[in-house]
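# Fold and contact review
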Amino acid sequence: MLASLSDVTKRYGRTDGLSNVTIDFPAGQVVGVLGLNGSGKSTLLKLLAGLLFPTAGKVTLFDGPPREKRAKLVYLGENDSLWTWMTPADAETFMQGLYDDFDVGRYRALLDSLAVPKRKTKAMSKGERGRLRLAMALARDAKLYLLDEPLAGIDLLSREKILQSIVREWHTDETILLSTHEVAEAEGLFERVLYLREGRLALDARAEELRNQGRSVVQAFREVLG
Amino acid sequence: MKGFRTLFWLEYRRSGAWAIALIGSLAFWAWGLFQVRRIELAEQLGIRGMLVAMAAVGGAVVLALMIGRLRGETRGGQYQVLLLSPPSGHAHIAARYTFALATAVLYYVMIGGLACWTLWMSAVPLDAGSIAQLTLAIPLYVLGVTVLPLLAWTLLLMVFTSAYRVSGPGWVPGTVMILGTLFVLRWLIEGIVRVSYTLPGWRLLEGVQTAVLQTTVEAQLEPVATLPQEPLWIMLALTLVLLVIASRIWREVEA
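Values in this document were obtained by computation on a predicted structure and should not be read as measured data.

Helix and strand counts for chain A come out as 8 helices and 9 strands. For 226 residues, the compact-globule estimate of 2.2 N^0.38 gives 17 Å, and chain A sits close to it at 17 Å. In terms of its C-alpha atoms, chain A occupies a principal-axis envelope of roughly 45 × 40 × 35 Å. When burial is assessed residue by residue, chain A has 58% of its 226 residues classed as buried. Put simply, of all contacts in chain A between residues at least 6 apart along the chain, 69% involve residues at least 24 apart. For chain A, the centre of its 32 positive side-chain charges and the centre of its 31 negative side-chain charges are spaced 5 Å apart.

Laid out in structure tokens, this is it:
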């Protein structure tokens, strides 16, 4: 198993971010993490990344604590996470210096295909910054990609480019967890969907099964979380 | 090492403007020192000494702010990127600290140069040994006893408060650490005073004092024979301990 959460609870002060969640993630899946605002999507991804530590339960990544295995995963947070002075060339220096699995050729090809301008990030639009961050993330040869709202606040054309890149760069031995509110646009990407409601796992289903039942991922979203 | 080099480069890019502004501020202090020539000769050295001291204290504050700023990067997500990068906490802390250290050395050595210039303007004759002491030995002593531990403490405060910010109120560990430091500082100063001069003192100020006393301008200065070396060793050891603890806590930080 690539990653797993076993009866995990995460509390922020008196509020539960996630409650008693148990999930396994095998290799080679594209998983949609869906839910309304505050449902625990970001908490789930941060726990898997090792950015948060569970209040109770256990999170395992590559048979170890997530923080210790951080070099093997890609985490794309919901924030910009780029320094304003950075250009795509600076980002290359940064990634190449820190990550052994960073592929410069792939990064440059991604910059081209995602049409990322060469200026500083402070002079880029949100969509351009989002595309740059995605290029930095997908240029790594990791086994687990945790993408938290990579489509949020981004224009339609950029969203399409981002989704196309995710599909193109995905290898069958890699697992991608993608949280998004753009359920309809990303629906075709998902092999498995997790529906979170108020910090609890409301439904864990294979997209194919939903379709066999005559339901789309969006319809199930409305039924489970509506 | 590759990771450290990149983190040091990152630190240079993040904080380079701060460092340049700090070093550039010496032009302002030099201008101030130069203006003092219009004041009565007997008071010049004292006022210039005060200005140099203000530059030294101001520099320490700016360096602490430079090394400890975190809020924006926590909100912006850059801190998350650093926490998840492969280099260890030691590498992250070392890179941030080394850049601040390099800036501090440059700044305080230049302040030593300003001190030399000040004495020269006040017609105090300085030999080569005294100039070397003023520009290197004394600034490095002051750095080791005060600025370096302050910067290490700031880094520890930054990491310590951020470690507990997400799951609980971050101001609690911050307040505990600041209040705790006040008590520890008192105990530390008492301890240092008690053990000072157990080892032979350093005659760092001797040449400078002799030169000052040779002039009639500041003949009222009390001669201080030597500087104790114990405070330097104790504070350097404390700096190292604080940095090691900060590096260890880095692993526990949530963001």
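Having seen the model, we can carry on.
A few words on the overall build of chain B. The helix and strand tally for chain B stands at 9 helices and 0 strands. Listing the helices and strands of chain B from first to last along the sequence gives α-α-α-α-α-α-α-α-α. Once the C-alpha set of chain B is aligned to its principal axes, its extents read approximately 65 × 40 × 35 Å. Within chain B, the fraction of its 255 residues that count as buried is 48%. With the model as given, the accessible surface of chain B reaches about 12500 Å², and the carbon-plus-sulfur share is 74%. For chain B, the distance from the average site of its 17 positive side-chain charges to the average site of its 12 negative ones is 15 Å.

All names here are of chain A. Buried residues dominate strand β8 (residues 192–197), accounting for 5 of its 6 residues. As paired elements, β8 and strand β9 (residues 200–206) share 6 bridges and run antiparallel to each other. Paired with R192 across the two strands is R206, which belongs to β9. Joining the antiparallel neighbours β8 and β9 is a turn of 2 residues, in which E198 adopts a positive phi near 50°.

In this section: the interface of chain B and chain A. Across the contact, 31 residues belong to chain B and 28 residues belong to chain A. Contact between chain B and chain A buries roughly 2600 Å² in total, counting both sides, with carbon and sulfur atoms accounting for 58%. If you sort the residues of chain B by the area they bury against chain A, B:R13, B:L84 and B:P86 come out on top, with a joint share of 23%. A salt bridge links A:K10 to B:E254; the shortest N-O distance between them is 2.8 Å. Remark: the boundary between chain B and chain A carries 15 residue pairs in polar contact (both at pLDDT 80 or more). Put simply, the parts of the chain that give the side of chain B that touches chain A at least two residues each are α1 (2–35), α3 (71–76) and α4 (78–84) of chain B. A per-element tally of the side of chain B that touches chain A places α1(B) first, with 8 residues.

Residues and elements named next belong to chain B. Judged by side-chain polarity, W18, V57, V61 and L65 come together as a nonpolar surface patch covering roughly 360 Å² of accessible area. Ranked by residue count, the leading element in the nonpolar patch is helix α2 (residues 41–68), at 3 residues. Structurally, V61 can be placed in helix α2. Looking at V61, the relative accessible area reads 47%, which means it is partly exposed.

This structure, assessed with the given rule, holds 16 aromatic pairs over all chains. Ring geometry for B:Y107 versus B:Y108: centroids 5.2 Å apart, planes at 85°, classification edge-to-face. Just as B:Y107 is buried, B:Y108 falls in that class too. Three or more aromatic residues joined by ring pairs make a cluster, and in this case those are A:W83, A:W85, A:F94 and B:W9.

Below, the discussion takes up the sheet that holds strand β4 (residues 56–61) of chain A. Residues and elements named next belong to chain A. With antiparallel pairing, 3 strands are arranged side by side in an open sheet as β2-β1-β4. Sheet topology places β2 (15–25) and β4 at the edges, where each strand pairs with a single neighbour. With direction set aside, neighbouring strand axes in the sheet form an average angle of 25°. Looking at chain direction, strand β1 (residues 3–12) and β2 are connected through 7 bridges and run antiparallel. Following the sheet pairing, S4 is matched in β2 by D24. Set on the sheet, helix α1 (residues 41–49) makes contact with β1, β2 and β4; between it and β1 the angle comes to about 120°.

A word on helix α3 (residues 104–113) of chain A. Residue and element names in this part refer to chain A. Residues of α3 that are buried: V104, R106, Y107, L110 and L111. The buried residues of α3 occupy one face: seen down the axis, they fall within an arc of 160°. Put simply, D103 is the residue that caps the front of α3, since its side-chain oxygen is 3.0 Å from the backbone nitrogen of G105. Taken from the residues just after α3, A115 is the one with a positive phi, measuring 55°.

Let us look at the sheet that holds β8(A). Residues and elements named next belong to chain A. A sheet is described by the order of its strands in space; here 6 strands give the open sequence β5-β6-β7-β3-β8-β9, paired in mixed fashion. What marks the edges here is a single partner per strand, and that holds for β5 (73–76) and β9. Each neighbouring strand pair of the sheet contributes to a mean axis angle of 15°, computed without reference to strand direction. Bridging between strand β3 (residues 30–35) and β8 involves 5 bridges; their strand directions are parallel. Paired with V33 across the strands is L194, a residue of β8. Across the sheet, helix α4 (residues 126–138) touches β5 and β6 (144–148), and the angle it forms with β5 is around 170°.

Gaps left between atoms show up when a probe the size of a water molecule is rolled over them. Residue and element names in this part refer to chain B. Looking at the second largest pocket, its volume works out to about 540 Å³. P149, L150, W153, T181 and L185 are the residues nearest the centre of the second largest pocket, which is lined by 22 residues in total. Of all elements in the fold, only α2, α6 (128–163), α7 (171–195) and α9 (230–250) reach the threshold of two or more residues within the lining of the second largest pocket. No other element matches α6, which puts 8 residues into the lining of the second largest pocket. Looking at side-chain class alone, the lining of the second largest pocket contains 19 nonpolar, 3 polar and no charged residues.

Conventions and cut-offs
- Residues numbered from 1 in each chain as written.
- Chains lettered and ligands numbered in written order.
- Predicted model: local features only at pLDDT ≥ 70, side-chain atom pairs only at ≥ 80, totals over all residues.
- Heavy atoms only, no water.
- Helix = DSSP H or I, 4+ residues; strand = E, 2+ residues; numbered from the N terminus.
- Rg over C-alpha atoms; globule rule 2.2 N^0.38 Å.
- Buried < 20%, exposed > 50% of the residue type's maximum accessible area, 1.4 Å probe, protein only.
- Contact = heavy atoms within 4.5 Å.
- Lys, Arg positive; Asp, Glu negative; His and termini not counted.
- Charge placed at Lys NZ, Arg CZ, Asp CG, Glu CD.
- Areas by Shrake-Rupley, 256 points an atom, 1.4 Å probe, with all protein chains shown as cover.
- Pairing = 2+ DSSP bridges.
- Buried area = accessible area lost by both parts, 1.4 Å probe.
- Salt bridge = Lys/Arg side-chain N within 4 Å of Asp/Glu carboxyl O.
- Polar contact = N/O pair within 3.5 Å; in protein donor to acceptor, adjacent residues only side chain to side chain.
- Patch = residues over 30% accessible without salt bridge, like charges linked within 9 Å, V, L, I, M, F, W, Y side chains within 5 Å.
- Phe/Tyr/Trp six-rings, centres within 6.5 Å; stacked < 30°, edge-to-face > 60°.
- Axes fitted to C-alpha atoms, helices over the stretch in contact; angles between N-to-C directions.
- Arc of directions from axis to C-beta.
- 1 Å grid on protein atoms, 1.4 Å probe; cavity = no way out; pocket = protein on both sides within 12 Å on 5 of 7 lines; lining within 4 Å.
- Points joined across faces, edges and corners; volume = space filled by probe spheres on them.
- Nonpolar A, V, L, I, M, F, W, Y, C, P; charged D, E, K, R; others polar.

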